[in-house]
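Remarks on the overall topology
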Amino acid sequence: MDADLAGRLRDVAREHGLTLNTVMQGAWAVLVGVLAGRRDVVFGATVSGRPAELPGVEGMLGLFINTVPVRVELDPGRPVVELLAALQERQSALLPHQHLGLAEIQRLAGPGATFDTLLVYQNFPASPPRLAGREVAWAGGEDSAHYPMTLVVTPGTETEIRLEYRPEAFAEETVRAVAARLARLLAQVADDPAAKVAALEASTADERHRVLHAWNDTSRPVPDGTLVDLFEAQAARTPDGLALVDGSGTELTYAELDALASRVARELIARGVGPEDLVGVVMERTADLYAVLLGVLKAGAAYVPVDPGYPAERIEFTLADARPAVVVCTAATAGAAEAAGAARIVWDDRRRRRRWPARPATAPADADRTAPLRPAHPAYVIYTSGSTGTPKGVSVPHRGAVNYVTWRAGATGSGRGSGSCSSPRCRSTRRCRRSIRR
């Protein structure tokens, strides 16, 4: 450690009645908390096992050291110096119990007393002692790391900080980065011990730049259009290309899917459905479901997908909360839709199916819709479970959905002539991908 920093840390410790060991433990606790994403951390500490109140302890020969767990609660709003004082007070109160073996402590305290980092503060004399006039020399030795990472601090005129680690757990580059973060935290404690814990910055300047600028350099050109624009452009490029395969083996080309969805849109528009309106969709996962969803978008409305496998109470709540202008369902799901009191279009009703071909198969334009469709209009409303247990609807505009689809195409390397199935229940995913690649 830099001599100036070591001196300033000693001054801080002396001024606030702390030991340098406590300062090191506090800084290590903050770093472990940052790396683990926790506000309550536990690490191990090696203690001498030689309590001062034990008569003659300084003359006893033998290795009395013990390893004990150290728990530190990191309150972001607490000043660092208060954190250190509380830590020292707690550790001092535990001194009479430091003779207990680690296995016994963990048996009594439970899983919370386990840890995978260790701090060793070696505050023994820097020069060998003299025994009965005889010279005692240091003997060298090699030791292995018993924990994934061990911080060894040897105070003195040149305070040494050493990180030992298990190479199967960490790479050298990672450990060096941890050491740099610890040095940065110690410098901040020396500069302002009254600073709040939340104000401590563990990241180095290079790491901060990487996170805030390099990793966050996500700006990309995104088409300012709608999902309808993306689909219809693809349908125009590859009308005979395979667009959809469902679990029953039904296959639709882009031209067929476009025509079917356009007829759905024309039916909805004839009912006065358009932008800013919601359409509930309670259908099984078949090719028809995706034609209906796309048809809702073509009409300019936003769809509210409802899984028919949900409990009837949840389906009724979702539709009642969303208040859709109309609900598209099947004969099998018509009962759930009817309970919500919304107008229904039963997709597989025979009489209605005979009337579908009468609707134009051409894609509706803004002039056909009840109002022009814009990227800011909602594309769909998805209901989540809700943090309180009550489902809550989240509205996603076309602009956001287009942003996601454009990103995903680039991230997965997909583009023209490629695709995938997003349904976890679809058993024909592999077949779908093979067909699309053909």
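Residues numbered from 1 in each chain as written. Predicted model: local features only at pLDDT ≥ 70, side-chain atom pairs only at ≥ 80, totals over all residues. Heavy atoms only, no water.

Focus on empty space enclosed by the protein
Applying the stated criterion across every chain yields a total of one cavity of 30 Å³ or more. The calculated volume of the largest cavity comes to roughly 50 Å³. Residue lining of the largest cavity: Val23, Gly26, Ala27, Val30, Val80, Leu83, Leu84, Leu185, Val189 and Leu200, and that is the complete set. Listing elements by their share of the lining of the largest cavity, those giving two or more residues are helix H2 (20-36), helix H3 (80-93) and helix H5 (172-191). Ranked by residue count, the leading element in the lining of the largest cavity is H2, at four residues. Residue composition of the lining of the largest cavity, by class: nine nonpolar, one polar and no charged. (1 Å grid on protein atoms, 1.4 Å probe; cavity = no way out; pocket = protein on both sides within 12 Å on 5 of 7 lines; lining within 4 Å. Points joined across faces, edges and corners; volume = space filled by probe spheres on them. Helix = DSSP H or I, 4+ residues; strand = E, 2+ residues; numbered from the N terminus. Nonpolar A, V, L, I, M, F, W, Y, C, P; charged D, E, K, R; others polar.)

So, the pairing of strand E5 (residues 160-165)
Alignment of strand E4 (residues 149-154) against E5, held across six bridges, turns out to be antiparallel. Directly across from Leu151, in E5, lies its bridge partner Leu163. Once E4 ends, the chain turns through five residues before running back antiparallel as E5, passing Gly156 with a positive phi of about 160°. (Pairing = 2+ DSSP bridges.)

Concerning the sheet that holds E4
Read from one edge to the other, the open sheet built from five strands follows the order E2-E1-E3-E4-E5, with strand pairing classed as mixed. Two strands bound the open sheet, and with one partner strand each, they are strand E2 (66-73) and E5. Along the sheet, successive strands turn relative to each other by an average axial angle of 25°, direction set aside. Pairing analysis gives two bridges linking strand E1 (residues 40-47) to strand E3 (residues 117-121), with the strands arranged parallel. Bridge pairing links Ala45 to Leu119 in E3. (Axes fitted to C-alpha atoms, helices over the stretch in contact; angles between N-to-C directions.)

Thoughts on helix H1 (residues 3-15)
An ideal rise of 1.5 Å per residue puts 18 Å on 13 residues; H1 measures up with 18 Å between its terminal C-alpha atoms. Here H1 has its buried residues at Leu5, Ala6, Gly7, Leu9, Val12 and Ala13. Those residues of H1 that are buried are in contact with H2 and H5. One side-chain oxygen at the N-terminal end of H1 lies 3.0 Å from the backbone nitrogen of Asp4; it belongs to Asp2. One or two steps after H1, the chain reaches Gly17, where phi turns positive at roughly 70°. (Expected span 1.5 Å × (residues − 1). Buried < 20%, exposed > 50% of the residue type's maximum accessible area, 1.4 Å probe, protein only. Contact = heavy atoms within 4.5 Å. Polar contact = N/O pair within 3.5 Å; in protein donor to acceptor, adjacent residues only side chain to side chain.)

With respect to the nonpolar core
With 39 residues, the main nonpolar core has Leu9, Trp28 and Val72 as its most contacted residues. Among the elements of the structure, H1, H2, E1, E2, H3, E3, E4 and H5 are those that each provide at least two residues to this core. It is H2 that contributes the most residues to this core, nine residues altogether. Those residues in contact with Val72 that sit more than four places away from it in its chain are Ala29, Arg39, Asp40, Val41, Phe43, Leu83 and Leu87. Ranked by size, the runner-up nonpolar core spans 28 residues in total, among them Leu227, Leu268, Tyr303 and Leu373. (Core = buried A, V, L, I, M, F, W, Y, C linked by side-chain atoms within 4.5 Å.)

A word on the pattern of salt bridges
What the rule picks out here adds up to 23 salt bridges. The partner of Arg14 in a salt bridge is Asp11, with the nearest N and O atoms 2.9 Å apart. Within this pair, Arg14 and its partner Asp11 are both found in helix H1, separated by three residues, close to a single helical turn. For Asp11, a relative accessible area of 42% puts it in the partly exposed group. Residues Arg369 and Asp366 are paired through a salt bridge, measuring 2.7 Å at the closest nitrogen-oxygen approach. (Salt bridge = Lys/Arg side-chain N within 4 Å of Asp/Glu carboxyl O.)

Description of the confidence of the model for the chain
Overall, the prediction assigns the chain a mean pLDDT of 86, with 91% of residues at 70 or greater. Across residues 421-438, confidence stays below pLDDT 50; counting only partners more than four residues off in sequence or on other chains, it has 24 contacts. (pLDDT = per-residue confidence, 0-100.)

Digging into the packing of aromatic side chains
One pair of aromatic rings is described through two measures. These are the centre distance and the angle between the planes. By the definition in use, this model includes four aromatic pairs. Seen from their ring centres, Tyr303 and Tyr380 are 5.5 Å apart, and the 15° between their planes marks the pair as stacked. One end of the pair, Tyr303, is in strand E9 (residues 302-305); the other, Tyr380, is in strand E12 (residues 378-384), with 77 residues separating them in the sequence. In this structure Tyr303 comes out as buried when scored by relative accessible area, which is 14%. Taking relative accessible area as the criterion, Tyr380 reaches 23% and is therefore assigned partly exposed. (Phe/Tyr/Trp six-rings, centres within 6.5 Å; stacked < 30°, edge-to-face > 60°.)

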